[in-house]
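The primary structure of each chain is shown beneath.
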Amino acid sequence: MRAQFVLQEVWTGLRRNLTMTIALIVVVAISLALLGTGLLFVKQVDNTRTYWQGKVELSVYLCTATSVSPQCHQNGPATSSERASILADLRKLPQVKYVYYESQQQAYQHFKQDFSRDPSFTRLVTKAEIPDSFQVKLKNTQAGFGVVAGTVQGRPGVDQVVNDASILSKFYSLLGGARDAVMIIAVILTIAAVLLVANTIRLSAFNRRRETSIMRLVGASNFYVQLPFLVEGVIAGLVGWLIAAGLLVAVKSLGLDTLQRYFPYDIQLSVADLVEVIVLAMVLGVLLCGITSFLTLRRYLRT
Amino acid sequence: MIHFDNVTKTYPNQSRPALENVSLDVEKGEFVFLVGPSGSGKSTFLRLILREERPTEGRILVAGKDLARLGNWKVPHLRRRIGCVFQDFRLLPNKNVYANVAFALQVIGKPRRFIRKVVPEVIDLVGLEGKHDRMPDELSGGEQQRVAVARAFVNRPMILLADEPTGNIDPATSIGIMKVLDRINRTGTTVVMATHDAAIVDSMRKRVIELEFGKVVRDQSRGVYGQAY
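Being a predicted model, the structure only gives us computed values, none of them experimental.

1. Focus on the overall build of chain A
On a plain count of helices and strands, chain A comes out with 11 helices and 4 strands. Computed over the C-alpha atoms, the radius of gyration of chain A is 30 Å, more than 25% above the 19 Å expected from 2.2 N^0.38 for a compact globule of 303 residues. Projected onto the principal axes, the alpha-carbon positions of chain A cover approximately 100 × 40 × 30 Å. By residue count, 33% of the 303 residues in chain A fall in the buried class. Considering only intrachain contacts with a sequence separation of at least 6, the fraction spanning at least 24 residues in chain A is 85%.

Here it is in structure tokens:
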């Protein structure tokens, strides 16, 4: 194998086919970047889910002196006997795994932690304004919600019952929708990339039909005839992938990580996640270009 | 060296065979002219030897190998032992004389040192010494054909096939090409040349095989172009 000769042929091929090669690289880059973005979204959603899995799923907020809802206004802040009876009733329910009481002090600490990035906001809120609550962990995630909520809703001392999952579902559907859209576009673009690789290689083979016919005539092996085209395809795939990798780093650091700031918790994707997606994109890009080139050539350069 | 045994070749969608029941032998080191009008089957004969086509019927042996039994992946190795020259030269226009000849060795993976040694020798052999750096469009037709011959011969094939090599060249220059082919033949290479050029056939006095409508109508050692009475 004369590497220098093959590379020289590859260079000639890429140069002669420059516009097509650029188009190919751009399409490969964009389709890989979108595919990678989709995968990053999937990972983000997974991570968020895992993060919340161990968390409380139902919060029963109690009335405080500053609560504004009409029932709190009517009944006044929760008394200690009301708290005790609510706690006892919750514990009796079979759907409940466990319950614990979060005092105003603890709630205030959590609040300050969650919004630590926004000190101007935390400074405005006083401890007295943060309600104490019962945090309820359910046995069967969603099924028990109605029963549990029904038991305590409207009782004196109870302000409101909040399902944490319902807050998250908005975020989930946002991420999920974005992910689906990105994936659909990525698949369409990948198909376009495959067709473009096939076309570029065919054009390249047509441009070099003199060379290839002479190569066949003087007894070059099929492998040797096809190799420059194959390498051409793979190089275009690799350059496209490099651009895609850059785009993916940008998507993570500028897109997903920034998005996190708008939510009161911090679940960033790790560098390992990003590397995994980028490596996957490379394998996919190289295979896509390599296999397409190979199949196109088999049809086009048949002896 | 070349053995045809009752070979018939019918192209798809054609009723009349391009070659019909052709049986002949070409020995090692022979020089054979293949003559006959256009469409008489000369090119088909050459394409069958190269295994660019497969015969419809019959058996072909080239250098002792049965082409029907030769796997597709072995065809390149067969072609390395056969050199080819065409009427239209088929040089690469963007490569100079040296690169055109070297190309034939590069694509079969010969080492650079070997290429640097043999390419100048062959260029000298065909009479193009000192013209290594010329591009094909800077050469006359005769010189371009010499480059093509050099490329066909550089890997020292056992057989050299020439399909009307003087077809695009004036008679005076053709004599020079024939001298080169004769020189190559003298090294022991079997030469099979399809041609319409009566003057050349008559002057060379080599074996002549005449084809007509795909059949061998004459096979004569030391023959001439026209019918000999």
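2. Considering the overall build of chain B
Helices and strands together make up the secondary structure of chain B, namely 7 helices and 10 strands. Its C-alpha atoms give chain B a radius of gyration of 18 Å, within 12% of the compact-globule value 17 Å for 229 residues. The principal-axis extents of the C-alpha atoms in chain B amount to approximately 50 × 40 × 35 Å. Split into buried and exposed, the 229 residues of chain B put 43% on the buried side. For chain B, restricting intrachain contacts to residue pairs at least 6 apart in sequence, the fraction spanning at least 24 positions comes to 69%.

3. Notes on the interface of chain A and chain B
The accessible area lost on association of the parts is a frequent measure of interface size. Taken together, the contact pairs 14 residues of chain A with 16 residues of chain B. If you tally residues by element for the side of chain A that touches chain B, the top one is helix α9 (residues 209-217) of chain A, at 5 residues. Residue composition of the side of chain A that touches chain B, grouped by class: 8 nonpolar, 3 polar and 3 charged.

4. Points about the domain arrangement of chain A
Splitting chain A by domain gives domain 1 (3-52 + 169-300) and domain 2 (53-165). Here domain 1 of chain A and domain 2 of chain A have C-alpha centroids that lie 50 Å from each other.

5. Things to note about the nonpolar core
Counting residues in hydrophobic clusters, the biggest one holds 72 residues, and the most contacted among them are Leu34(B) and Val101(B). Sort the elements by how many residues they give to this core and helix α3 (residues 97-106) of chain B lands first, with 7 residues. What Val101(B) contacts, discounting residues up to four positions off in sequence, is Val119(B), Val122(B), Ile123(B), Val147(B), Ala150(B), Arg151(B) and Val154(B). Membership of the second largest hydrophobic core comes to 37 residues, among which are Leu24(A), Leu230(A), Ala244(A) and Leu297(A).

Quick notes on the rules
Residues numbered from 1 in each chain as written. Chains lettered and ligands numbered in written order. Predicted model: local features only at pLDDT ≥ 70, side-chain atom pairs only at ≥ 80, totals over all residues. Helix = DSSP H or I, 4+ residues; strand = E, 2+ residues; numbered from the N terminus. Rg over C-alpha atoms; globule rule 2.2 N^0.38 Å. Buried ≥ 20, exposed ≤ 12 C-beta atoms within 10 Å, placed from the backbone. Contact = placed C-beta atoms within 7 Å. Nonpolar A, V, L, I, M, F, W, Y, C, P; charged D, E, K, R; others polar. Domains from an automatic or database assignment. Core = buried A, V, L, I, M, F, W, Y, C linked by C-beta atoms within 7 Å.

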